[in-house]
Amino acid sequence: LIKVTSDWCFSCVHIEPVWKEVVQELEMLGVGIGVIHAGYERRLAQHVGAHSTPSIFGLINGKVSFFHNAVIRENLRQFVESLLPGNLVEKVTDKSVVNFLSTWKQENKPRVLLFDHIPGVPLLYKLEAFAYKDFVRF
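Residues numbered from 1 in each chain as written. Predicted model: local features only at pLDDT ≥ 70, side-chain atom pairs only at ≥ 80, totals over all residues. Heavy atoms only, no water.

**A short note on the nonpolar core**
Under the convention used in this document: Residues belong to a common nonpolar core when they are buried Ala, Val, Leu, Ile, Met, Phe, Trp, Tyr or Cys residues joined through side-chain atoms within 4.5 Å. To sort residues, take the accessible area from a 1.4 Å probe on protein chains only and compare it with the maximum for the residue type: under 20% means buried, over 50% means exposed, and anything in between is partly exposed. For the purposes of this entry, the term helix denotes a DSSP run of H or I that reaches at least four residues, the term strand denotes a run of E that reaches at least two, and both are numbered from the N terminus. Note on contacts: a residue pair qualifies if any of its non-hydrogen atoms lie within 4.5 Å across the two residues.
Leu1, Leu26, Ile56, Leu84 and Leu123 are the most contacted members of the largest nonpolar core, which has 22 residues in total. The set of elements that each furnish at least two residues to this core consists of α1 (10-29), β3 (55-60), α3 (73-83) and α6 (123-131). If one sorts the elements of this core by residue count, α1 sits on top with six residues. With residues near it in sequence (within four places) discarded, Leu84 still touches Ile60, Leu123, Lys126, Leu127 and Phe130. One finds Val4, Ala38, Ala50 and Phe57 within the second-largest nonpolar core, a separate group that totals eight residues.

**A closer look at the state of the cysteines**
To be explicit about the condition: Throughout, disulfides are identified as pairs of cysteine sulfur atoms within 2.5 Å of each other.
In total, this model carries one disulfide according to the counting rule given. For Cys9, the disulfide goes to Cys12, at an S-S distance of 2.4 Å. An S-S torsion of about 85° defines the bridge between Cys9 and Cys12 as right-handed. A relative accessible area of 6% places Cys9 in the buried class. For Cys12, a relative accessible area of 3% puts it in the buried group.

**Digging into the layout of surface pockets**
Over the atoms rolls a probe the size of a water molecule, and its path tells where empty space is left. Heads up, the rule is: Grid spacing is 1 Å over the protein atoms alone, the probe is 1.4 Å, and a cavity is where that probe fits but cannot get out, while a pocket is an open set with protein on both sides within 12 Å along at least five of seven lines and lining residues have an atom within 4 Å of a point. Grid points are joined across faces, edges and corners, and a volume is the space filled by probe spheres set on the points.
Here the largest pocket defines a volume of roughly 460 Å³. Glu90, Lys91, Val92, Leu114 and Asp116 are the residues nearest the centre of the largest pocket, which is lined by 19 residues in total. One number sums up the size of the second largest pocket: a volume of about 300 Å³. Lining the second largest pocket we find 17 residues, and of these Gly30, Val31, Gly32, Ile60 and Leu127 sit closest to its centre. Looking at the lining of the second largest pocket, the elements with two or more residues in it are β3, α3 and α6. Looking at the lining of the second largest pocket, the element that brings in the most residues is α6, giving four residues.

Here it is, written out as structure tokens:
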């Protein structure tokens, strides 16, 4: 998650408290955070397509996706979650558990089962699944 900012940007100063709060939370989950100062790194900001400040974008596997909503905590969390592929964590039921566990030999990936009582998959689990997607299947 990267923010493009500059010294002369009033909106940048306005969103800073929310940005700091979200950065603290997401860094603990393993999300990489960066800041581009458009005044000092203009070419870099233009290269990624950030033509105004403030801009917030996500960068995954070389793909840049810009954030276009109000800068509030929940919107930024949802944006980070939307950057991740949707099939990172497979829902396993009584009917599919045997197939899920027995297909590890074809893919040569160990299986991870996560047990939780909430219906959705927490962002932490999705981030871990993304980080280890080449080695483990969740």
